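The primary structure of each chain is shown beneath.
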Amino acid sequence: MNGHEDLTYVYAAAPDTREVRASLQDLRGVSGAPVSLLSLPAAGPDPVAFVVSRVAPDQFDERTLKARFEDLEWLEDVARAHHDVVQTVARHDTVLPLRLATVYQNDDRARRALTAQRHVFAERIALLHGRSEFGVKLYVGSTGPTGPSEPRDGTDGPSLSPGKAYLRRRRAQHSAQEVRYRHAQEAADRVEALASRFSTHRVRHPAQRGALAGPEENVLNDAYLVPYDRAEEFRTALAAAVDGLDGVRVEVTGPWAPYSFATPPEPEAAGEGRTP
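What comes next is a walk through the structure. These figures come from a predicted structure and were not determined experimentally.

**Remarks on the overall build of the chain**
For the chain, the helix and strand inventory stands at seven helices and eight strands. When contacts within the chain are restricted to residue pairs at least 6 apart in sequence, long-range pairs at least 24 apart make up 76% of them. Taken as a whole, the chain presents about 15700 Å² of accessible surface, with 51% of it coming from carbon and sulfur.

Below is the structure:
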């Protein structure tokens, strides 16, 4: 192989259909490269193809990628381009998103990988057909800092020492946070009960921490696979899951390409929750 030959960047696997091919017209992906469909010569009854573009080896070879993944600006640009391609295809047909920066030396190597996995891809596409992914997150608000405690009667307020006043505030904060956590548990139960009426599969992700969660605490981070024709019912029902529960917020996002469901669950995780 010529050392300067472009590499084959793979965004996703998808059905080799007229709709998918039409969705790629004039579409640009990573590094602004045109996006196309890489298909198999003998596709069989369930033709599956790779959604691909060409990328420069000096940016995407194995050694360079290790350094590039430390460059957050570059990584954000690639992730956005990758996501835009996947979402564009998802608006036209079922798509199986592949991991960011899935790269092969050339089209022949990519075709070999597609050939080896086409039956798995076809089965997964059949499972996901007519469905989108929705994210559901629950957040608990913080009690936050409070000012000096107001006495409930006029007998002990003025006589409270600074230490006792501080302890009173801390007890009040702790009590308020306990109420929020109880509400969060009730909201999680409601979410699970409501979502099961509309979705076919669930994947439970770790709760987000730090800057990703913002000032609130993320206590639930689920992905649901929802049929297209039930999407609005799902969104409306889940948005009402925290009605009457102070200190808890629900966030429903989507529809997304089914990133959480693109590959079968790991064997050890098969018994956790409602995984596909």
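**A word on the sheet that holds strand β3 (residues 48–55)**
Pairing is antiparallel across the open sheet formed by four strands, whose spatial order is β2-β3-β1-β4. In this open sheet, the two edge strands, each paired with only one partner strand, are β2 (36–38) and β4 (96–104). Pairwise comparison of adjacent strand axes, ignoring direction, gives a mean angle of 35 degrees for this sheet. Judged from the five bridges that link them, strand β1 (residues 7–15) and β4 form a sheet pairing that is antiparallel. Bridge pairing in β4 places Val10 opposite Thr102. Here helix α4 (residues 72–90) sits on the sheet in contact with β1, β3 and β4, set at roughly 30 degrees to β1. Contacting β1, β2, β3 and β4, helix α5 (residues 107–128) crosses the sheet at an angle of about 135 degrees to β3.

**Here we look at the environment of Val242**
Relative to the helices and strands, Val242 resides in the loop between α7 (231–239) and β8 (248–256). Note on Val242: relative accessible area 13%, which makes it buried. In this structure, the C-alpha to C-alpha distance between Val242 and Ala184, residues 58 residues apart in sequence, is 8.3 Å. Those residues in contact with Val242 that lie beyond four places of it in its chain are Leu138, Ala187, Arg190, Val248, Arg249 and Val250.

**A short note on the sheet that holds strand β7 (residues 217–227)**
The pairing of strands in a sheet happens through backbone hydrogen bonds and is either parallel or antiparallel. The sheet built from four strands is open, its strands ordered β6-β7-β5-β8 with antiparallel pairing. In this open sheet, the two edge strands, each paired with only one partner strand, are β6 (201–204) and β8. Sheet twist, expressed as the average angle between the axes of neighbouring strands with direction ignored, equals 20 degrees. Bridge count between β6 and β7: four bridges; the pairing is antiparallel. Bridge assignment links Val203 to a residue of β7, and that residue is Ala223. Sheet strands touched by α7: β5 (131–140), β7 and β8. Its angle to β8, the strand with the most contacts, is close to 170 degrees.

**Focus: the side chain of Arg124**
Tracing the chain through its elements places Arg124 in helix α5. Of the side chains with opposite charge, Glu123 lies nearest to the buried Arg124, which makes no salt bridge, at 7.4 Å. A polar atom in the side chain of Arg124 sits 2.9 Å from the backbone oxygen of Phe261.

**Let's talk about the environment of Gln59**
Among the secondary structure elements, Gln59 is positioned in helix α2 (residues 57–60). With a relative accessible area of 25%, Gln59 lands in the partly exposed category. The spacing of Gln59 and Leu7 is 52 residues in sequence and 9.7 Å in space, taken between C-alpha atoms. Contacts of Gln59, omitting those with residues within four sequence positions, involve Ser31, Thr64, Leu65, Arg68 and Trp74.

**Considering α4**
With 19 residues, α4 should cover 27 Å at 1.5 Å per step; its first-to-last C-alpha distance of 26 Å lies within 8% of that length. Residues of α4 that are buried: Trp74, Val78, Ala81, His82, Val85, Val86, Gln87, Thr88, Val89 and Ala90.

**Digging into the nonpolar core**
Within the largest apolar cluster, 26 residues are counted, with the highest numbers of intra-cluster contacts made by Tyr9, Tyr11, Val30, Val51 and Phe60. Going through the elements one at a time, β1, β3 and α4 are the ones with two or more residues in this core. By residue number, the principal contributor to this core is α4, which donates seven residues. Contacts of Tyr9, omitting those with residues within four sequence positions, involve Val30, Val51, Val52, Ser53, Val55, Phe60, Val78, His82, Leu100, Ala101, Thr102 and Val103.

**A short note on unusual backbone geometry**
Cis rather than trans, the peptide bond between Gly254 and Pro255 has omega equal to 5 degrees. Mapping Pro255 onto the fold places it in strand β8. At Ala101, a position not held by glycine, the phi torsion is positive, near 65 degrees. With respect to the helices and strands, Ala101 occurs in strand β4.

So, how was this worked out
- Residues numbered from 1 in each chain as written.
- Predicted model: local features only at pLDDT ≥ 70, side-chain atom pairs only at ≥ 80, totals over all residues.
- Heavy atoms only, no water.
- Helix = DSSP H or I, 4+ residues; strand = E, 2+ residues; numbered from the N terminus.
- Contact = heavy atoms within 4.5 Å.
- Areas by Shrake-Rupley, 256 points an atom, 1.4 Å probe, with all protein chains shown as cover.
- Pairing = 2+ DSSP bridges.
- Axes fitted to C-alpha atoms, helices over the stretch in contact; angles between N-to-C directions.
- Buried < 20%, exposed > 50% of the residue type's maximum accessible area, 1.4 Å probe, protein only.
- Lys, Arg positive; Asp, Glu negative; His and termini not counted.
- Salt bridge = Lys/Arg side-chain N within 4 Å of Asp/Glu carboxyl O.
- Polar contact = N/O pair within 3.5 Å; in protein donor to acceptor, adjacent residues only side chain to side chain.
- Expected span 1.5 Å × (residues − 1).
- Core = buried A, V, L, I, M, F, W, Y, C linked by side-chain atoms within 4.5 Å.

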